[in-house]
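As a plain string of letters, each chain reads:
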Amino acid sequence: MKSLPLSRTLVSASVAALLTGAADARQALNKSFNVLDYVDPLIGSANGGHVFAGASLPFSMAKAVADSDTDNQGGFATDSNHITGFSHMHDSGTGGGASLGNFPLYPQTSCPNDDINQCVFRYQDRAIGFLNESVVARPGYFSIALENNIRAEMTVSNHTALYRFTFPANNGAAANSSISPLIFVDLIDLPQSRSNGTATVDPSTGRLYGNGTFNPSFGIGTYDLHFCADFQGARVRDTGVFVNNRAGTTPKTVKTINDGVNNDESLSAGVFTRFYAPANNTILARVGVSFISVDQACANAQKEIPTFDFAKTQKAAEQAWTQKLSVISVDASGVSDEFQTIFWSAVYRAMLSPQDYTGENPLWNSTEPYYDSYYCIWDSYRSIHPLITLLDPLSQSRMVRSLVDIYRHEGYLPDCRMSLCKGYTQGGSNADVVIADAYLKNVTDVDWATAYEAVVKDAEVEPLNWAVEGRGGLSSWKTLGYIPTDDFDPYGSGPLTRSISRTVEYAYNDFCIAEMAKGLGHEDDYQKYIKRSGNWRNMFKADQTSLNFTGFLQPRYPNGTWGFQDPIFCSPLLNFTSCYLNPAGHETYEGSSWLYTFYVPQDMASLVTALGGREEFTNRLSYFHNSGLLYVGDEQAFLPVFQFHYAGHPGLSAKQVHAYIPSQFNTSTNGIAGNDDSGAMGSFTALSMMGIWPVPGQNVYLLTPPFFREVSIRHGITGKVATIRNLNFDPTYKNIYIQNATRDGKPWTKNWIAHDFFLEGGVLELTLGSTESSTWGTAVEDLPPSLSSYEVA
């Protein structure tokens, strides 16, 4: 486990140094502070967090870690008991089944009695325990010691994993010792989805290479992946193949075909190289991966890590992470190491995905970037992409360009995508929100005309399979103004569930399209989509009651009559796990009507009025958080943490943030609520602790006090620095309420701020107190934008 110094005051790159470019100040700070010391990749690696804990670069394709035999969606889980191998590609924080983990390496000290048939190859038999205290995780590095006394270390480049296996000392007695380490590659993946595979070993060099066809973890279709493994540090003794637990030195190629009888997805088969004992007890294994070919996998490895230099590769990975994180600067004097680690680890996790597969897409020829592992945009549009826009706008530009290019070649924007395959749509067409958010925040170098064409197609043309792209029920959406329960939809196919949640999501998707239409000069489209954005009202049943509150979204049939779903159904209080994509998945998705009734970010003034006015809305939202109705481990819960702003109570948003951090988000291995969903929980934590909650798809950040004395963000294109500074800061967090604010020395009364602050730079000073202010951010003119006008309190 990574340990931190017992006492340290974080002095980040100072605002003064960033503003003036003072080299001496920057150098002095660099000597006293290493941001990577405050990143713990093991946070969220237990209790279903599914965080990828291994070695990665920012947004890289290669992600190396030890694979657990249970709870292995992210590869390694700290609360598992055994390791089944070391693989080179993973996703982070996903729910459901495991993904990737293809072609795991497995080292063995030697074969008993020097007989290769007494080595253990089979997946079901080879799981081995590990020493919990041996696990070390750091950006760009992971190591673990197995119970057989093999220590495994790993680091990565963009498409290549480099492993260093250290064997027990008695293996190095003589170069020709009869005790010989053996390393094999298994043609298997973590979800055991392989339909066929081929692996070959070069008997002269010991190189292992091959490919396989696999299924994605949350989508349709198949993908082909290729690998190329080379070794350094010991002479090759012999080579061969294995099937299950039988092995031989001939032939040198093995093939698997899933015939459903003798050769299913869980069959272990592959190739091995056995070595004479290494003089220094260490063997390096370099594994390149590619979606194109074995040749490209080998070329990736040779180009990226030509000399097997582990220290150099690890250092380059650390430098890449340091550079990415350096755009943020905090003054954390007085703040505990725990809070600093929560923050920096959260930012780190939000930069693991989407993954840059540019140059590795065999599906079409394009000069555009290609990103993958969008798990799923339904999760990531709310906070991951807005955070990337803030911290790394160039990467966000490349991701948006990738989405647009997927539209060009596949006809629709994805809502989820992994391993070159179409993933399942969970709600609306939420790539529309990502694209609108980028457009409104001046993300550069995007073909906005084609991007607009793509989002309009989502709104207008129903695909044949709207389970994996676009929207279903568009005929009803356009004629009835809602998605009915028991909809008649002969135009496409998809799960006829989630009528409530799809309705409010489609309404917001259309609002985001309207914003783009207005900016691009399409006035007629603007009017059409603004009108559709009000369709949420058509499922709002004003007289529906629940727990002494009135007015909830309810199911509605095509003939206009109302159905009923208990508003607390699919909350932690009632049948929490009953609302998924299955055919009986009900009318809300991963949440209750209580939750979805709050989802009208385009017109919160109307919602506040519909729910009884400011104080009644505030009481209802407070009850929602405090009653057990809300599970903050699902992404739809994020915005309600901050919706007190719309009722003129921004201080209560700050109070609610502190109720969740650190109780639900902390430094323990189970220190996130739910699974991380590719960094969604990380981005929620990071943005909350910076005091800026983006309303995705709008040019709006809701303001709360940062968890530090000062936070600065340097824009990746303009180079300008935006600083949020707390006056009267209290590191025990009693002073968490903004009393007044200034922007560049002038009074700032709005409880929100626009993206121009981060583009142009400046200083926002917040004066804090221990009680909620009755004046700051409470006036109608100081509330966040809304389509309708707020009523005067």
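It should be emphasised that the depicted structure is a prediction, and the values quoted were computed from it without experimental measurement.

## Comments concerning the confidence of the model for the chain
In the predicted model, the chain carries a mean pLDDT of 94, and 94% of its residues have values of at least 70. A low-confidence stretch, residues 1-30 stays under pLDDT 50, and its non-local contacts, those more than four residues away or across chains, total 57 contacts. Here residues 171-177 scores under 50 on pLDDT; set against residues more than four positions off or in separate chains, the count is 17 contacts.

## Some points on the state of the cysteines
Throughout the structure, instances matching the rule amount to 4 disulfides. In this model Cys111 forms its disulfide with Cys119; the gap between the sulfur atoms is 2.1 Å. Classification of the bridge connecting Cys111 and Cys119 rests on its S-S torsion, roughly -100°, and on that basis the disulfide is left-handed. Residue Cys119 is classed as buried on the basis of its relative accessible area of 3%. A sulfur-sulfur separation of 2.1 Å characterises the disulfide bridge that pairs Cys228 with Cys298. Its torsion about the S-S bond being 100°, the disulfide of Cys228 and Cys298 is classed as right-handed. Highlighted residues: Cys228 in strand E13 (residues 223-232) and Cys298 in helix H4 (residues 294-304), separated in sequence by 70 residues. Classification of Cys228 as buried rests on a relative accessible area of 0%. For the chain, the bonded cysteines connect in the pattern 1-2, 3-4, 5-6, 7-8 when numbered consecutively along the sequence. In this model Cys421 remains outside any disulfide bridge; the closest cysteine sulfur is found in Cys416, 11 Å from its own. Judged by relative accessible area, Cys421 falls into the buried class, the value being 4%.

## Describing the nonpolar core
Core analysis: the largest hydrophobic core is formed by 148 residues, its most contacted members being Phe343, Trp344 and Ile692. When residues of this core are assigned to their parent elements, the largest contribution, 9 residues, is made by helix H13 (residues 499-520). Excluding residues that lie within four positions of it along the chain, Phe343 makes contacts with Ile328, Val330, Ala686, Met689, Met690 and Phe708. In this structure, Ile144, Val201, Ala229 and Phe275 belong to the second largest nonpolar core, which totals 72 residues.

## Details of helix H17 (residues 614-626)
Taking 1.5 Å as the rise per residue, H17 with 13 residues should run 18 Å; its terminal C-alpha atoms sit 18 Å apart, in good agreement. Every buried residue of H17 is accounted for by Arg614, Phe617, Thr618, Arg620, Leu621, Phe624 and His625. The buried side chains of H17 occupy one side of the element, clustering within an arc of 165° when seen end-on. Tucked inside the fold, the buried residues of H17 contact strand E25 (549-553), helix H15 (593-596), helix H16 (604-610), helix H18 (638-642) and helix H19 (650-660). Just beyond H17, the residue with positive phi is Gly628, at close to 90°.

## Brief notes about the packing of aromatic side chains
Any two aromatic rings considered together are summarised by their centre-to-centre distance and by the angle between their planes. Inspection of every chain in the model, using the stated rule, returns 51 aromatic pairs. Relative to Phe540, the ring of Trp536 has its centre 6.2 Å away and its plane inclined at 70°; by these criteria the two rings are edge-to-face. The same class applies to Trp536 as to Phe540, namely buried. Look at Phe684 and Trp693: their rings are 5.6 Å apart centre to centre, the planes differ by 65°, and that puts the pair in the edge-to-face class. One exposure class covers both Phe684 and Trp693, and it is buried. Feature note: the residues Phe103, Phe214, Tyr223, Phe227, Phe291, Tyr357, Trp364 and Tyr370 constitute an aromatic cluster, connected by ring pairs. Above the ring of Trp378, the side-chain terminus of Arg382 is found at 4.7 Å from the ring centroid. The ring of Phe552 is capped by Arg620, whose NZ or CZ atom sits 4.0 Å from the centre of that ring.

## Things to note about the pattern of salt bridges
This structure, assessed with the given rule, holds 31 salt bridges. One salt bridge connects Arg398 with Asp356, and the closest N-O pair in it is separated by 3.3 Å. You can see Arg398 sitting in helix H9 (residues 393-410) and its partner Asp356 sitting in strand E20 (residues 355-356), a full 42 residues away along the chain. Overall, Asp356 belongs to the partly exposed group, its relative accessible area being 23%. A salt bridge links Glu460 to Arg532; its shortest N-O distance comes to 3.1 Å. Of this pair, Glu460 sits in helix H11 (residues 448-460) while Arg532 sits in helix H14 (residues 523-532); the two residues are 72 residues apart in sequence, bridging distant segments of the chain. For Arg532, a relative accessible area of 10% translates into the label buried. Connected through shared salt-bridge partners, Asp114, Arg237, Asp238 and Arg274 make up one network.

## A word on empty space enclosed by the protein
Going through the model one piece at a time under the given rule, you end up with 9 cavities of 30 Å³ or more. What lines the largest cavity is a set of 15 residues, among which Arg382, Tyr599, Gln636, Leu639 and Pro640 lie closest to the centre. The set of elements that each furnish at least two residues to the lining of the largest cavity consists of H15 and H18. No other element matches H18, which puts 3 residues into the lining of the largest cavity. Its residues assigned to classes, the lining of the largest cavity comprises 11 nonpolar, 2 polar and 2 charged.

Rules behind the numbers
Residues numbered from 1 in each chain as written. Predicted model: local features only at pLDDT ≥ 70, side-chain atom pairs only at ≥ 80, totals over all residues. Heavy atoms only, no water. pLDDT = per-residue confidence, 0-100. Contact = heavy atoms within 4.5 Å. Disulfide = S-S within 2.5 Å. Buried < 20%, exposed > 50% of the residue type's maximum accessible area, 1.4 Å probe, protein only. Helix = DSSP H or I, 4+ residues; strand = E, 2+ residues; numbered from the N terminus. Core = buried A, V, L, I, M, F, W, Y, C linked by side-chain atoms within 4.5 Å. Expected span 1.5 Å × (residues − 1). Arc of directions from axis to C-beta. Phe/Tyr/Trp six-rings, centres within 6.5 Å; stacked < 30°, edge-to-face > 60°. Lys NZ or Arg CZ within 6 Å of the ring centre and 35° of its normal. Salt bridge = Lys/Arg side-chain N within 4 Å of Asp/Glu carboxyl O. 1 Å grid on protein atoms, 1.4 Å probe; cavity = no way out; pocket = protein on both sides within 12 Å on 5 of 7 lines; lining within 4 Å. Points joined across faces, edges and corners; volume = space filled by probe spheres on them. Nonpolar A, V, L, I, M, F, W, Y, C, P; charged D, E, K, R; others polar.

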